[in-house]
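Residues per chain, in single letters:
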Amino acid sequence: MDLSQPQTYTYDLGNLLINDPTPLPHHTPTTLESTLQTTAQATAQGLLHQLLTACPIVRSTDDAGALHIRLPAPSTLLPREKPVPKAKEKTTWEKFAEKKGIGKKRKEGNLKFDEGKGEWRKKYGFKGGKGGAGLDGMDGKGGVSADWITEVLDEKEKKEVEEKKGRVDREGKRIRSSGKRGQGKRGH
Amino acid sequence: MLPLRQIKPKNARTKRYLDNKAPQQTENPRTTLFLKYTTCSEILQLLLTDLYALKRPLAVKFGKKNDIHPFEDPSSLEFFSEKNDASLMVFASHSKKRPHCLTFIRFFGFKVLDMIELSVIPETMRTLSQFKNEKTAQGLKPLLSFSGSGFESPTPNAYTLAKSVLLDMFKGPDVAEVDVEGLQYMIHFSVDEEDGDDAVSKPQIHMRSYLIRTKKSVPASNLPRVEVEEMGPRVDFRVGRIQEADPEMLKEAMRKPKGMDPKTKKNIETDIIGDKVGRIHLGKQDLGNLQTRKMKGLKRSRDVVDGDGDDEVMGVAEMGLEGDKRARVEV
């Protein structure tokens, strides 16, 4: 058999398997062994070459850096040994909760996604909250500040900040007083 | 036979054992059990030893004789399967009607799935030790090769069943990586062609195992030239009785557990070379704001007022002059 001829092999490299659908060449009992040997040699070479070309070869980390061939998943369909494991049966409570639409209660965590910076940040606690590494747009007041250096404002900026503070205070006062008014003479 | 009592584990070791034996998402490698009938020829015993040697350590071999007829009543085999957690069996029997007979049995959930009877032709049988050369280490994953058109039949028959069973038998554990040094031997199965004149006897299946020797190839390619050397055992089989799988049972056995396929990420693919290729979708580009190449010649001159046709012509002429001057300076 000419080894250089293109063959119609199919491979299942996950099982290190080669299928050679070409009929065995005609043989007599005396030539059987040599025929089989040439066929086997051709398939062995085909399979090894396919393994070496189609699969990534990596140097393993554990055993003294031996060369390993990374195999794909087996593709030949074979029956399982045992049935597919059944899903665990739900408890009465789980069934009821599913029916009612009440999920497991989970505490909302300390992390919040900061859209501007594209990262998760703490809402409170160390390196969290308004101060320091806090969220964007926070002025660094309150919270445990990681960034303890504060910028010194010039006159103009100071004035602006104070004006804003006055506005906010007045607004707060207004809201509070209007709230009181709305409650009427409750408690009397 | 009574069904086995459900064992409730009393200690952690028993629990581990039972958990390992229970159905699993990704299955353990199959264990093969070798056993023999009350009468078993010497050839078969030798062969059983050799097959056991090839299959170790995923194999169990029974020494005692068993009065079992797999095709008539497999309940004892099912019992052995459950007891030993073995889902493959090779049963050797020798009788006047069916001489030198090996029955390969595959189980599903400790029940017989399918069986195939292969009778060994005693004249051509050679054992592992009859080939005087070195053997491979125990427990290596062999290369497998199936040659001949008989194995590729589109309709299930004895030969496709034989292929399936033999593949299951010899493929070893499923692994993600193999050592290059571990590719040492190949088991080669081949099936004869069906001859027109020899229609009475069915084609034989030849099992050969070869050591693989890689030689340096021609300098042009870095792929090795492969040579093979027979290691044994050498067996020729004649196909006997078969029992195909019950369709219901086979369907259950071929079922794939959910969640085994890796989740495909949208728009990320791997091409044939193995490079990761991603596709991203951009919005429609606004060509109105496109910044084309800036050129001196298109710049509006300072002293020209926009909107007047004559002035524009003037401007172009002037700019031409300006450009000339600049060019001269640069030189």
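A short tour of the structure in this document, coming up. (Residues numbered from 1 in each chain as written. Chains lettered and ligands numbered in written order. Predicted model: local features only at pLDDT ≥ 70, side-chain atom pairs only at ≥ 80, totals over all residues. Heavy atoms only, no water.)

What to know about the overall build of chain A
The number of helices and strands found in chain A is 3 helices and 6 strands. Traced from its N-terminal end to its C-terminal end, chain A shows the element sequence β-β-α-β-β-α-β-β-α. Looking at chain A as a whole, 26% of its 188 residues are labelled buried. Partitioning the intrachain contacts of chain A with sequence separation of at least 6 by distance along the chain shows that 29% fall at a separation of at least 24. (Helix = DSSP H or I, 4+ residues; strand = E, 2+ residues; numbered from the N terminus. Buried < 20%, exposed > 50% of the residue type's maximum accessible area, 1.4 Å probe, protein only. Contact = heavy atoms within 4.5 Å.)

Considerations on the overall build of chain B
The helix and strand tally for chain B stands at 6 helices and 13 strands. The 331 residues of chain B split such that 40% are buried. The long-range fraction of contacts in chain B, counting pairs at least 24 apart against all pairs at least 6 apart in sequence, stands at 65%. Total accessible area on chain B stands at roughly 21,000 Å², and carbon and sulfur atoms take up 53% of it. (Areas by Shrake-Rupley, 256 points an atom, 1.4 Å probe, with all protein chains shown as cover.)

Concerning the side chain of B:His100
All names here are of chain B. Structurally, His100 is set in the loop between β3 (88-93) and β4 (101-108). Given the relative accessible area of 12%, His100 is considered buried. Within polar-contact distance, the side chain of His100 engages the side chain of Ser41 at 2.9 Å. (Polar contact = N/O pair within 3.5 Å; in protein donor to acceptor, adjacent residues only side chain to side chain.)

Quick word on the interface of chain B and chain A
On the side of chain A, 46 residues touch chain B, which itself brings 66 residues to the contact. Where chain B abuts chain A, roughly 4,900 Å² becomes buried across the two surfaces, and 61% of that area is made up of carbon and sulfur atoms. The three residues of chain B that bury the most area against chain A are B:Glu27, B:Glu177 and B:Val226, which together make up 11% of that side's buried surface. Taken together, the links from chain B to chain A amount to 5 salt bridges. One salt bridge connects B:Arg208 with A:Glu33, and the closest N-O pair in it is separated by 2.8 Å. Our count for the contact surface shared by chain B and chain A stands at 30 residue pairs in polar contact (both at pLDDT 80 or more). In terms of residue count, strand β10 (residues 225-230) of chain B provides more of the side of chain B that touches chain A than any other element does, 6 residues in total. Looking at the side of chain B that touches chain A, its residues break down into 27 nonpolar, 15 polar and 24 charged. Sheet analysis places strand β4 (residues 67-70) of chain A next to strand β7 (residues 177-179) of chain B, joined by 3 bridges and oriented antiparallel. (Buried area = accessible area lost by both parts, 1.4 Å probe. Salt bridge = Lys/Arg side-chain N within 4 Å of Asp/Glu carboxyl O. Nonpolar A, V, L, I, M, F, W, Y, C, P; charged D, E, K, R; others polar. Pairing = 2+ DSSP bridges.)

Quick notes on a negative patch on the surface
Residue and element names in this part refer to chain A. Together, Glu151, Asp154, Glu155, Glu157, Glu160, Glu162 and Glu163 make up a negatively charged patch on the protein surface. Mapped onto the fold, Glu151 is located in the loop between β6 (119-122) and α3 (155-183). With relative accessibility at 70%, the residue Glu151 sits in the exposed group. (Patch = residues over 30% accessible without salt bridge, like charges linked within 9 Å, V, L, I, M, F, W, Y side chains within 5 Å. Lys, Arg positive; Asp, Glu negative; His and termini not counted. Charge placed at Lys NZ, Arg CZ, Asp CG, Glu CD.)

A look at the nonpolar core
Within the largest apolar cluster, 43 residues are counted, with the highest numbers of intra-cluster contacts made by B:Leu102, B:Phe104, B:Phe170, B:Phe189, B:Ile205 and B:Met207. Top element by residues in this core is helix α4 (residues 158-170) of chain B. It accounts for 9 residues. Dropping the residues within four chain positions of it, B:Phe104 is found in contact with B:Met89, B:Val90, B:Asp114, B:Met115, B:Ile116, B:Leu118, B:Val165, B:Leu166 and B:Met169. Counting 24 residues, the second largest nonpolar core, distinct from the first, contains A:Leu13, A:Leu24, A:Leu36 and B:Met186. (Core = buried A, V, L, I, M, F, W, Y, C linked by side-chain atoms within 4.5 Å.)

Here's the deal with the environment of B:Gly278
Its place among the elements puts B:Gly278 in strand β13 (residues 276-278). Sequence-distant contacts of B:Gly278, defined by excluding residues within four places in its chain, comprise B:Asn267 and B:Ile268.

Points about the pattern of salt bridges
Counted according to the given criterion, the structure contains 28 salt bridges over all chains. For the salt bridge of A:Glu33 with B:Arg234, the shortest nitrogen-to-oxygen distance reads 3.5 Å. A residue pair is termed interchain when its members come from two chains, as with A:Glu33 in helix α1 (residues 32-54) and B:Arg234 in the loop between β10 and β11 (235-243). Exposure remark for A:Glu33: the relative accessible area of 22% places this residue in the partly exposed category. Classification of B:Arg234 by relative accessible area gives buried; the value is 16%.

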